[in-house]
Amino acid sequence: MNEGGTIFMPPANSTIAGEVDALFYFIYYTALVMFAIVIAGSAFFILKYRHKGKKSFTSGMDHNFKLEVFWTVIPTILVFIVFAWGFKTYLKMNVAPRNAIEIKATGQKWFWSFDYPNGANSVNDLIVPANKPVKLLLSSRDVIHSFFVPDFRVKMDALPNRYTTLWFRAEQPGEHHLFCTEYCGTGHSAMLGKVKVVSEEEYNSWLNESGNIPGGMTPVEYGADLYQKRACVTCHSIDGRAGVAPSFKGRFGTVETLSNGESVTVDENYLRESILSPRAKVVAGYQPVMPTFQGILNDQQIDALIAYIKSLQ
Ligand code: CUA
């Protein structure tokens, strides 16, 4: 990850980040000054008017016009500055430039998937070109998720049955954390991704190659790569540990009892069906939480994943 964060803020790597930070620090330092005045004033009065043993009465004074105007007008001006400044930045953050590249981003339990203008797709890794405005059209397949890239200072909820948008322009190539920042169930904390900012040429060549077996990879290697990149790893372990879902280790060829009491042999057809219609045959003891990968994985990729699962004996 890139350098350059402060104690309060992660590194600033989008065109809007500087403005967000400037406003944050304005509010922060103003509050600090106010805090110092209030605390120092309280301490001063506590000392000056402490009980000194003599019988004394407070004076009959109940207000001071000049003082009241002073402490009303100054905070009002400060609040208006914050409002005007915040509103200006808010508009900038919410109105995407017309020439922005539009990418569809979908949240679901528990990963992000991205669909690019040419039909390519990726899971958890959002690939974008540097120095180009990128607009995301967000939605969810199930519950509310929230798309958050701290380095860009952008955050937007992804809702079922509705679209929301967000845009950013990343300044230079690099990698940035992508979080789901709305509690969405057991796998929420594992719903992690990366925004990979690359040069425009790399972005275009990635778009063209996406979906093909990368040169020199065997189906098993490609399957292992997809297991990570398509987020199977979030729920299915490969070391035998049971998690939200059955482990892949030693699974191929076994006979599993299903939640409806029937049993099934874990073969190629069962794996393919479970990738495309995960809720058709759920192994007993597990919740039907897996989303479909219909439209996310092509046939070649499903074959590679099956080859990979077969290899985990
Ligand atoms: Cu998705 Cu939290």
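Since the structure is predicted, the reported quantities are computational estimates derived from the model, not experimental observations.

Next up on the list: the environment of Ile144. Relative to the elements of secondary structure, Ile144 occurs in the loop between strand E5 (133-140) and strand E6 (145-149). The sequence separation of Ile144 and Asp157 amounts to 13 residues, and the corresponding C-alpha distance is 6.8 Å. Non-local contacts of Ile144, meaning those with residues more than four positions away in its chain, are made with Asp157, Ala158, Leu159, Pro160, Glu182, Tyr183 and Cys184.

Together, Met34, Leu67, Phe70, Trp71 and Ile74 line one region of the surface with nonpolar side chains, adding up to about 500 Å² of accessible area. Element by element, the count of residues in the nonpolar patch is highest for helix H2 (residues 65-94), at four residues. Tracing the chain through its elements places Trp71 in helix H2.

Here we come to the domain arrangement of the protein. If you check the domain split of the protein, you get domain 1 (1-37 + 64-95), domain 2 (101-209) and domain 3 (219-311). Here domain 1 and domain 2 have C-alpha centroids that lie 28 Å from each other. For the pairing of domain 1 and domain 2, the buried interface totals around 1,400 Å² over both sides, and the portion due to carbon and sulfur atoms is 51%. On inspection of domain 1 and its partner domain 2, the count reaches one salt bridge. Its salt-bridge partner being Arg153, residue Asp21 comes within 2.6 Å of it at the nearest N-O pair. Where domain 1 touches domain 2, the interface holds 11 residue pairs in polar contact (both at pLDDT 80 or more). Listing elements by their share of the side of domain 1 that touches domain 2, those giving two or more residues are helix H1 (17-48) and H2.

The next point concerns unusual backbone geometry. Residue Lys109 is joined to Trp110 through a cis peptide bond whose omega torsion reads -10 degrees. Tracing the sequence through the fold places Trp110 in the loop between strand E1 (101-108) and strand E2 (111-115). Although it is not a glycine, Asn161 adopts a positive phi angle of roughly 65 degrees. Structurally, the position occupied by Asn161 is in the loop between strand E7 (154-158) and strand E8 (164-169). The exposed category is assigned to Asn161, whose relative accessible area is 81%.

Conventions adopted
- Residues numbered from 1 in each chain as written.
- Predicted model: local features only at pLDDT ≥ 70, side-chain atom pairs only at ≥ 80, totals over all residues.
- Heavy atoms only, no water.
- Helix = DSSP H or I, 4+ residues; strand = E, 2+ residues; numbered from the N terminus.
- Contact = heavy atoms within 4.5 Å.
- Patch = residues over 30% accessible without salt bridge, like charges linked within 9 Å, V, L, I, M, F, W, Y side chains within 5 Å.
- Areas by Shrake-Rupley, 256 points an atom, 1.4 Å probe, with all protein chains shown as cover.
- Salt bridge = Lys/Arg side-chain N within 4 Å of Asp/Glu carboxyl O.
- Domains from an automatic or database assignment.
- Buried area = accessible area lost by both parts, 1.4 Å probe.
- Polar contact = N/O pair within 3.5 Å; in protein donor to acceptor, adjacent residues only side chain to side chain.
- Buried < 20%, exposed > 50% of the residue type's maximum accessible area, 1.4 Å probe, protein only.

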